[in-house]
Amino acid sequence: MVQEAQISDSGAIARLHGSTLNSGFLPSLGTGFLTTLYKYLIKNEIVLVFRRDEDIGGFISCALDSGRVMKRFMFLSPMGVFRILVAILRKPSLIVPVIETWLIPSKSHSGKGEEQPLPRAELLSVCVVPEYQKEGIGTVLLEGLEHRLREEHEKQYKVIAGAELTGANNFYLKNGFKLVKTINTHGKDLSNVYSKQL
């Protein structure tokens, strides 16, 4: 069953993100940071969970305005800022990916000369427990998110996926997303920006 995530789910969501989406940058900031981030997202954006009995089998998160979400997080979540600073003090090389992550929303917006403006709403993460994968839970979570976005009167949304993540790119294409552009995210890493009409 797909339902709205509760604040009490933030730890389980953070652990699932850290263990399953571990090739990304955010897990390098630690489970404490991810828990703080998901508490913020649950309160202020959209986070849905798939429950099987009492266990969380997957989740999906979305920012209603990806251009503002990082600024709002920094302003409304001093603990999140503190955890980022602690992570940087422990590992100074994290400063570059932190800045790059901050700049990604501006790269994913349309620039001058681009015909179609990209949507503000952005799918941030979708994750399914490994033993539940191949059961269509990711698609069920996506459908739940799209229902919520329609309730918010959004007409389209976007997602950014690392170009080398074949499974993720295939998932979005299979579920009706259209490739809009490719951008640099971290260093020379390329990511695909997809958009979908609702």
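Below is a summary of the structure that appears in this document. Note that the structure is predicted; figures quoted are calculated from it, not measured.

## Quick word on unusual backbone geometry
Reasoning step 1: Even without a glycine there, the phi angle at Lys 134 is positive, about 70°.
Reasoning step 2: The topology assignment puts Lys 134 in the loop between strand S4 (122-128) and helix H6 (137-151).
Reasoning step 3: In this structure Lys 134 comes out as exposed when scored by relative accessible area, which is 87%.
Reasoning step 4: The phi dihedral of His 153 is positive, around 65°, even though this residue is not glycine.
Reasoning step 5: Note that His 153 resides in the loop between H6 and strand S5 (156-162).

## Topic: the packing of aromatic side chains
Reasoning step 1: Applying the stated criterion across every chain yields a total of five aromatic pairs.
Reasoning step 2: Seen from their ring centres, Tyr 172 and Phe 177 are 5.4 Å apart, and the 75° between their planes marks the pair as edge-to-face. Here Tyr 172 and Phe 177 have matching classes, each one buried.
Reasoning step 3: Aromatic ring contacts, followed pair by pair, group Tyr 157, Phe 171, Tyr 172, Phe 177 and Tyr 194 into a single cluster.

## Considering the nonpolar core
Reasoning step 1: Counting 45 residues, the largest nonpolar core has Ile 13, Ile 60, Leu 123, Leu 145, Leu 149, Tyr 157 and Tyr 172 as its most contacted members.
Reasoning step 2: No other element matches the seven residues that helix H2 (residues 31-44) contributes to this core.
Reasoning step 3: With residues near it in sequence (within four places) discarded, Leu 123 still touches Ile 60, Ser 61, Cys 62, Leu 142, Leu 145, Tyr 157, Lys 158, Val 159 and Tyr 172.

## Describing the pattern of salt bridges
Reasoning step 1: Considering all chains together, one arrives at nine salt bridges under this definition.
Reasoning step 2: The salt bridge partner of Arg 148 is Glu 4, with a shortest N-O separation of 2.5 Å. Of this pair, Arg 148 sits in helix H6 while Glu 4 sits in strand S1 (residues 2-4), and the two are 144 residues apart along the sequence.
Reasoning step 3: The class of Glu 4 is partly exposed, set by a relative accessible area of 34%.
Reasoning step 4: Glu 122 is paired through a salt bridge with Lys 158; the nearest N and O atoms lie 4.0 Å apart. With Glu 122 in strand S4 and Lys 158 in strand S5, this residue pair connects regions lying 36 residues apart in the sequence. You'll find Glu 122 and Lys 158 in the same group, each marked buried.
Reasoning step 5: Several salt bridges share partner residues, and in doing so they unite Glu 4, Arg 148, Glu 151 and Glu 152 into one network.

## Overview of the sheet that holds strand S3 (residues 55-63)
Reasoning step 1: Read from one edge of the open sheet, seven strands run S1-S2-S3-S4-S5-S7-S6, paired in mixed fashion. On the outer flanks of this sheet lie S1 and strand S6 (178-184), each paired with one strand and no other. Strand after strand, the sheet turns through a mean of 30° between neighbouring axes, direction not considered.
Reasoning step 2: With six bridges joining them, S6 and strand S7 (residues 190-197) adopt antiparallel strand pairing. When the sheet's bridge partners are listed, Lys 178 is paired in S7 with Ser 195.
Reasoning step 3: Strand contacts of helix H1 (residues 10-20): strand S2 (46-52), S3 and S4, with the helix running at about 85° to S3, the strand carrying the most contacts.

Conventions we followed
Residues numbered from 1 in each chain as written. Predicted model: local features only at pLDDT ≥ 70, side-chain atom pairs only at ≥ 80, totals over all residues. Heavy atoms only, no water. Helix = DSSP H or I, 4+ residues; strand = E, 2+ residues; numbered from the N terminus. Buried < 20%, exposed > 50% of the residue type's maximum accessible area, 1.4 Å probe, protein only. Phe/Tyr/Trp six-rings, centres within 6.5 Å; stacked < 30°, edge-to-face > 60°. Core = buried A, V, L, I, M, F, W, Y, C linked by side-chain atoms within 4.5 Å. Contact = heavy atoms within 4.5 Å. Salt bridge = Lys/Arg side-chain N within 4 Å of Asp/Glu carboxyl O. Pairing = 2+ DSSP bridges. Axes fitted to C-alpha atoms, helices over the stretch in contact; angles between N-to-C directions.

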